Structure formats: structure tokens, C-alpha cells
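# Observations on chain architecture
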Amino acid sequence: MYKIIDGKELAAKMRIDLKKDVEAFSQKHGRHIGLAVVLAGDNPASQIYVKNKIKACEEVGIKSFAYYLSGDVSQEELENLLRTLAEDKKINGILVQLPLPEHLDSEKALKIIPDSKDVDGFSADNIGKLCQGKDSIVACTPNGVMKMLESCNVDLRGKKAVVVGRSNIVGKPMAMLLLNADATVTICHSKTRNLKEECLGADVLVAAIGRAKFITADMVKQGAVVVDVGMNRDESGKLCGDVDFEAVKEKCSYITPVPGGVGPMTITMLMYNTYLSATRSEI
Ligand code: NAP
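Below or above, wherever it landed, is the structure these notes cover. (Residues numbered from 1 in each chain as written. Predicted model: local features only at pLDDT ≥ 70, side-chain atom pairs only at ≥ 80, totals over all residues. Heavy atoms only, no water.)

All right, on to the overall build of the chain then. Secondary structure assignment for the chain yields 10 helices and 11 strands. Across its three principal directions, the C-alpha atoms of the chain cover 50 × 40 × 35 Å. Burial analysis of the chain (283 residues in total) assigns 48% to the buried set. Intrachain contacts of the chain at a sequence separation of at least 6 include 70% that bridge at least 24 residues. Of note, the chain has its 37 positive side-chain charges centred 3 Å away from the centre of its 37 negative side-chain charges. (Helix = DSSP H or I, 4+ residues; strand = E, 2+ residues; numbered from the N terminus. Buried < 20%, exposed > 50% of the residue type's maximum accessible area, 1.4 Å probe, protein only. Contact = heavy atoms within 4.5 Å. Lys, Arg positive; Asp, Glu negative; His and termini not counted. Charge placed at Lys NZ, Arg CZ, Asp CG, Glu CD.)

Scanning the model with the defined rule gives zero aromatic pairs in all. The ring of tyrosine 272 carries the charged tip of lysine 147 above its face, separated from the ring centre by 5.3 Å. (Phe/Tyr/Trp six-rings, centres within 6.5 Å; stacked < 30°, edge-to-face > 60°. Lys NZ or Arg CZ within 6 Å of the ring centre and 35° of its normal.)

As a volume, the largest pocket reaches approximately 1500 Å³. In this structure, the largest pocket is lined by 46 residues; those nearest its centre are Tyr49, Thr141, Met231, Gly263 and Thr266. When residues of the lining of the largest pocket are traced back to their parent elements, those giving at least two are helix H1 (7-29), helix H2 (44-60), strand S4 (93-96), helix H6 (140-151), strand S9 (232-233) and helix H10 (262-281). The leading source of residues in the lining of the largest pocket is H2, at eight residues. The residue inventory of the lining of the largest pocket, partitioned by class, reads 26 nonpolar, 11 polar and nine charged. Taken as a whole, the second largest pocket spans an internal volume of roughly 450 Å³. Contributing to the lining of the second largest pocket are 19 residues, with Glu107, Leu110, Phe122, Ser123 and Ala124 lying nearest its centre. Every element with two or more residues in the lining of the second largest pocket is listed here: S4, helix H4 (106-110) and helix H5 (124-131). (1 Å grid on protein atoms, 1.4 Å probe; cavity = no way out; pocket = protein on both sides within 12 Å on 5 of 7 lines; lining within 4 Å. Points joined across faces, edges and corners; volume = space filled by probe spheres on them. Nonpolar A, V, L, I, M, F, W, Y, C, P; charged D, E, K, R; others polar.)

Before going further, it helps to examine the sheet that holds strand S7 (residues 204-207). Here we have six strands laid out as an open sheet, ordered S1-S11-S8-S7-S5-S6, and parallel in their pairing. Every other strand in the sheet has two partners, leaving strand S1 (3-4) and strand S6 (184-188) as the edge strands with one partner each. With four bridges joining them, S7 and strand S8 (residues 224-228) adopt parallel strand pairing. The residue bridging valine 206 from the neighbouring strand is valine 227, located in S8. In the packing of helix H7 (residues 171-180) onto the sheet, the strands contacted are strand S5 (160-164), S6 and S7, and the crossing angle to S5 comes to about 170°. (Pairing = 2+ DSSP bridges. Axes fitted to C-alpha atoms, helices over the stretch in contact; angles between N-to-C directions.)

Moving on, we come to the nonpolar core. The biggest cluster of nonpolar side chains holds 52 residues, and the ones touching the most others in it are Leu35, Leu149, Leu178 and Met271. Per element, the largest residue contribution to this core is eight residues, and it comes from H10. Not counting chain neighbours up to four residues away, the residues in contact with leucine 35 comprise Cys57, Ile62, Lys63, Ser64, Phe65, Gly93, Ile94, Leu95, Val119, Leu270, Met271 and Thr274. In this structure, Val162, Val164, Ala207 and Ile255 belong to the second largest nonpolar core, which totals 18 residues. (Core = buried A, V, L, I, M, F, W, Y, C linked by side-chain atoms within 4.5 Å.)

On to the pairing of S7. Burial along S7 is two-sided: the face carrying Val204 and Val206 and the face carrying Leu205 and Ala207 are both buried. Relative to S7, S5 runs parallel, the two being bridged by four bridges. Counted as the bridge partner of valine 162 is leucine 205 from S7.

A few words now on the sheet that holds S4. Strand order in the open sheet formed by three strands is S3-S2-S4, with parallel pairing between adjacent strands. Both edges of this open sheet fall to strand S3 (63-69) and S4, since each of them pairs with a single strand only. Geometrically, the sheet is characterised by an average inter-axis angle of 15° between neighbouring strands, direction not taken into account. Two strands pair when backbone bridges link them, and strand S2 (residues 34-40) and S4 are joined in this way by four bridges, in the parallel orientation.

Attention shifts here to the site of the ligand. The full set close to the ligand counts 22 residues, and Arg166, Ser167, Ser190, Met231 and Thr266 are the nearest of them. Here valine 229 contributes a backbone N or O atom positioned 3.4 Å from a nitrogen atom of the ligand. Threonine 266 has a polar side-chain atom sitting 2.7 Å from an oxygen atom of the ligand. Coverage of the ligand by the protein chains reaches 72% of its 940 Å² of free accessible surface. At three residues, the largest contribution of residues to the shell around the ligand is made by H10. (Near = heavy atom within 4 Å. Polar contact = N/O pair within 3.5 Å; in protein donor to acceptor, adjacent residues only side chain to side chain. Areas by Shrake-Rupley, 256 points an atom, 1.4 Å probe, with all protein chains shown as cover.)

In short, shape yes, function no, at least from these values alone.
What follows is the structure, given as C-alpha cells:
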């Protein structure tokens, strides 16, 4: 019988603990922890993400500073803002909501964010440290997945983990975290041959593809742990993951749902990373 890894419940528990830590920090240092959130343009999905991040800040006691830039903001204006935030002592984390409008060079802009305030864990320094198994700020979504696996005592040592998807923000850091936890890791992508066979070998299967219900029951080994990072809409417009949950669940020991799985953990890990950045800035 499969068990659900409830991301919503775990995220709620983590936020209660985090709120206490944030309060203790603020009392000790006589100031708030601050997160700057930068949004350019009026992409509806980005607006919802930013709203949810600001709400999460309120929940855990982090002070949010929101910057809503117009869709035609220049590269120079954006970079000037990021330079100011980089210097600002009230700000412990800077988050630029992606994707930015097409005329902007996001890579160039993101480079302005100091590694110590890179709460998304996207900088070359943070990614490099992760690859070397050193302490770093880790990308929120894969870090959240690791917390979910820990919460149900999934022992990764020597297990075969397969990550489908190789993006810089999910697939690659996910694979690295699993490797650092002593799993034997395979990364699959759109050019992978025999994807089904690769997935069938997985004790732990992480889907980060962006295609609705792509992972079907015949791709999953009996007893596998299945983590679904995907956030898609099915044919009727309902939110669904990359895994065909109803068909796959019966084969799993553990499975994450969509919604209520990895999603709520991502924002919680952003709060956690901001707290971590603040504590490190005081060392
Ligand atoms: P992405 O940058 O588009 O990467 C998707 C990856 O899937 C790519 O590596 C791609 O391979 C691979 N892929 C695509 N089609 C495939 C196929 N037919 N077979 C095997 N691999 C295939 O997406 P992402 O940013 O990593 O996000 C992935 C999903 O996670 C999306 O649904 C996104 O909305 C969701 N997401 C959720 C959260 C959350 O908090 N829950 C956070 C971030 C992302 P190639 O590299 O070869 O193109």
C-alpha cells in the first residue's frame, strides 16, 4: 500500500519552526530579516508566485520588499535596482521572479546578486559548492524534495535514483543532492534512449519534465518512491503533475501528489534560505 508524502503538511510544520527561529533572530539582532522580491512585467503566473512568496514571508515573520517594475523596464534600471539591493543591509535575500520579459538579459542581471543573497541558489558559486558537496544555498525545489524524502526516512544510500529533467533550477541540482546523499544517480532528458527502461530501474524516481502525466505506471518499478515536481494543466485545465498519479500510485511505496506535494515545499525552502542567509551574514 502506497503512502502519500504530504508536502502541504510538511511545509506547514516547517514554517511553524521557522517562525520561531526568525523571531529569535530578530530579537537577538534587533532587526528583521528582509527578502527583496523583484517582478518585471505582468505575467499572471509570476504575479501569483510573487503574491504567494510575500504571503509566506508574512507567515514566518520575514519582512518582504516587493519591487514591481514595468514590462518595458530597461536592463540598466533593473541592474541598478539589483546593485542597490545587493548593498542594502536590510535585505538578506534577493529574488528575481523568472522569466523576465524577453528583452532583458536575465543571466547578466542575476550575476549582480551576491552569492550570500542568492536565496534561489542559482549562482555559479552556489551551484559549484553544491557539486563539491560543500555548504551552499541550495535551489529551493530540489532542496524541498530532499526534505520530503527525509521526512519519511527514505534511505538513499546505494539506491538507484533517476531524475527525469536536466534544468539548471530543478533537474541538475536535484541529481547532485541525491548523489551527495550517496544514491547512484542517472539523469534523463529528451534525448535519452530507452527512457522507460531507465525509469524502471529507479528505486527513487524524480520527474521534473513539464509534461502532464508523462510518467505512466509501466515506467515505474514496484515499491519505488516517486516524486513529482511537474506543474501542468491537464486536458480539462486541472492542475496536474508529470506523473499519472492515479495509475502510478499503486506501484509506489511513497508518492508525492500534485497539488499539495513539492509546490508548497518550494516556497518554504525560499523562506528557509532567506533565514540561512541572514544567519550567515551575522557570522
Ligand atoms: P524545463 O527547464 O523545461 O526542463 C524540462 C526538462 O525535461 C528538460 O531537461 C527536458 O529535456 C526534459 N524533457 C522534456 N521532454 C522530455 C521527454 N519527452 N523525455 C524526457 N525528458 C524530457 O523545466 P523545469 O523548470 O525543470 O520544470 C519542470 C517541471 O517542474 C515543470 O512542470 C515546472 O512547472 C515544474 N516546476 C515545479 C516547481 C514546484 O515548485 N513544484 C518548481 C519548478 C518547476 P532537454 O533538456 O533535453 O530539453
